[in-house]
Amino acid sequence: MSALRGHGGPRYKHASGESEPYGTIRVEKLTPIIGAEIGGVDLARPTNRALDEIHRALAENLVIFFRDQELTPEQHLAFGRHFGPLHIHPAAPHAPGHPEMMIIHADKDSPRANGEEWHSDVSCDLEPPMGSILYIRTCPPVGGDTLFANMYAAYDALSDRMKQYLDGLAAIHDGEQVYRGTYANYGVEDKKTYPRAEHPVVRTHPVTGKKALYVNRGFTRRILGIPTDESEGILRYLFEHMQHPLFQCRFRWRPNSVAFWDNRCAQHHAMWDYWPHTRSGFRVTVQGERPV
Ligand code: SIN
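*Asks:* Tell me about the site of the ligand, and name the residues and values.
*Replies:* By nearness alone, every residue bordering the ligand is listed as Ile-104, Asn-114, Gly-115, His-119, Asp-121, Leu-134, Thr-146, Trp-261, His-268, Ala-270, Arg-279 and Arg-283. Interatomic distance of 2.8 Å between a side-chain N/O atom of Arg-279 and an oxygen atom of the ligand. In this structure, Arg-283 approaches the ligand through a side-chain N or O atom, which is 2.8 Å from an oxygen atom. For the ligand, whose unbound accessible area comes to 260 Å², protein coverage reaches 99%. Taken together, the elements giving at least two residues each to the shell around the ligand come down to strand S15 (266-270) and strand S16 (279-286). Residues belonging to the shell around the ligand are distributed by class as follows: 4 nonpolar, 5 polar and 3 charged.

*Asks:* Help me get a handle on the packing of aromatic side chains, residues and values and all.
*Replies:* If you walk through the whole model with that rule in mind, you get 11 aromatic pairs. Geometrically, the ring pair formed by Phe-65 and Phe-251 is stacked, given 3.9 Å between the ring centres and 5° between the ring planes. One end of the pair, Phe-65, is in strand S3 (residues 63-66); the other, Phe-251, is in strand S13 (residues 248-251), with 186 residues separating them in the sequence. Look at Phe-65 and you get buried, because its relative accessible area is 0%. Looking at Phe-251, the relative accessible area reads 2%, which means it is buried. Taken together, a centroid distance of 4.9 Å and an interplanar angle of 75° make the contact between Phe-83 and Phe-260 edge-to-face.

*Asks:* Could you give an account of the pairing of strand S5 (residues 98-106), with specific residues and numbers?
*Replies:* Counting buried positions over the 9 residues of S5 gives 7, a clear majority of the element. As consecutive antiparallel partners, strand S4 (residues 94-95) and S5 are separated by 2 residues, and within that stretch Gly-97 has a phi angle of approximately 80°, a positive value. Pairing geometry for S5 and S16, over 6 bridges, is antiparallel. Across the sheet, residue Ala-106 finds its bridge partner in S16, namely Arg-279.

*Asks:* Lay out empty space enclosed by the protein in plain terms, naming residues and giving numbers.
*Replies:* Applying the stated criterion across every chain yields a total of 3 cavities of 30 Å³ or more. One number sums up the size of the largest cavity: a volume of about 50 Å³. Together, His-87, Ile-88, His-89, His-94, Pro-99, Glu-100, Met-101, Met-102, Arg-283 and Thr-285 line the largest cavity. Considering each element in turn, the lining of the largest cavity owes the most residues, 4 residues, to S5. Per-class residue counts for the lining of the largest cavity are 4 nonpolar, 4 polar and 2 charged.

*Asks:* Explain the pairing of S16 to me, and be specific about the residues and the numbers.
*Replies:* Most of S16 is tucked away, with 7 of its 8 residues classed as buried. Where strand S6 (residues 131-138) and S16 come together, 7 bridges link them in antiparallel fashion. Looking across to S16, one finds that Gly-131 is bridged to Val-286.

Parameters and conventions
Starting from 1, residues in each chain are numbered consecutively following that chain's sequence as written. With pLDDT at 70 or above as the cut-off, local features in this predicted model cover only qualifying residues; side-chain atom pairs require 80 or more to be listed or tallied, and sums for whole chains, interfaces and linings still use all residues. Excluding hydrogens and water, the side-chain figures rest on all heavy atoms present in the structure. The nearness test applies per residue and asks whether one of its heavy atoms lies within 4 Å of the molecule or strand. A 3.5 Å cut-off defines polar contacts: any pair of N or O atoms within that distance qualifies, except that in protein one atom must be a possible hydrogen donor and the other a possible acceptor, and neighbouring residues in sequence count only when both atoms are side-chain atoms. Throughout, the Shrake-Rupley method with a 1.4 Å probe supplies accessible areas, and for residues the shown protein chains are the sole cover considered. Numbered from the N terminus, helices here are DSSP runs of H or I no shorter than four residues, and strands are runs of E no shorter than two. Side-chain classes are defined by residue name, with Ala, Val, Leu, Ile, Met, Phe, Trp, Tyr, Cys and Pro counting as nonpolar, Asp, Glu, Lys and Arg as charged, and the others, Gly among them, as polar. Centres within 6.5 Å are what make two rings of Phe, Tyr or Trp a pair, Trp counting through its six-membered ring; a difference in plane orientation under 30 degrees is then read as stacked, over 60 as edge-to-face, and the rest as tilted. Three exposure classes are used, based on accessible area relative to the maximum for each residue type with a 1.4 Å probe and protein chains only: buried under 20%, partly exposed in between, and exposed over 50%. Here the rule is simple: two strands pair whenever DSSP picks up at least two bridges between them. Whether a set of points on the 1 Å grid over the protein atoms alone is a cavity depends on a 1.4 Å probe fitting there but being unable to get out, while an open set qualifies as a pocket with protein on both sides within 12 Å along at least five of seven lines; lining residues are those with an atom within 4 Å of a point. Grid points are joined across faces, edges and corners, and a volume is the space filled by probe spheres set on the points.

From the geometry alone we can't say anything about function, so treat these as descriptive.
This is the structure we're talking about:
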């Protein structure tokens, strides 16, 4: 039985404190734990007040969604730059003339789709991205949802013993297995090396000050300073624990929807359940800082 259901009730109880009302945007939560749909803003022309509130909504909800947006590549990039300098993906193909604009595309000829494993984007970078802004233009008739999970909640739900055990541990995140050969179908040649970095297993979010689990199935290979078999056991437990449905929301895309997620405290998983249909869009990714 999951530890979350032990001891006569859910161990994780979300403290859903009421937040101040928003003045410009509308915020409708998808679940009490993660995700909100945002209305009342045109991302092609956001006001400074709307941008401040979007920042706040992201901090409060970890992933936010916008519907019916019409963005040119330049407007998508400009929206991303409001949150920091843009990140260039170490492996994936990009839109012509826009290295900061990653192509997200799968169709009947694709050997794979992006992000099919739970992960935090490019966590193998020394300074992994703070946030990602995905704009989907073409959707399959059904399917292609993206799942998001709250890593503060996953951390909070651990036992005090496990929290003590993880305190101060670091893990290796490696891009090699994820990226080598992955984009050959786009004609992208492999690089000599791919990013690899050591990050704390639990990180403190620089804006909220909250602790979040920061290991993921996609990139995290090994916890350092403990025997290999122990690292495998602990990672297996943490990966299972963090994908408990209690920590999740699931977003159903429509053409011209945007999702903006915070990679420092949320993980995501893209469903490739729509073959042979096409799902297509672009991701703009905002640079982040070294996890502490
Ligand atoms: C990704 O950025 O990992 C892909 C997410 C998605 O396609 O929904």
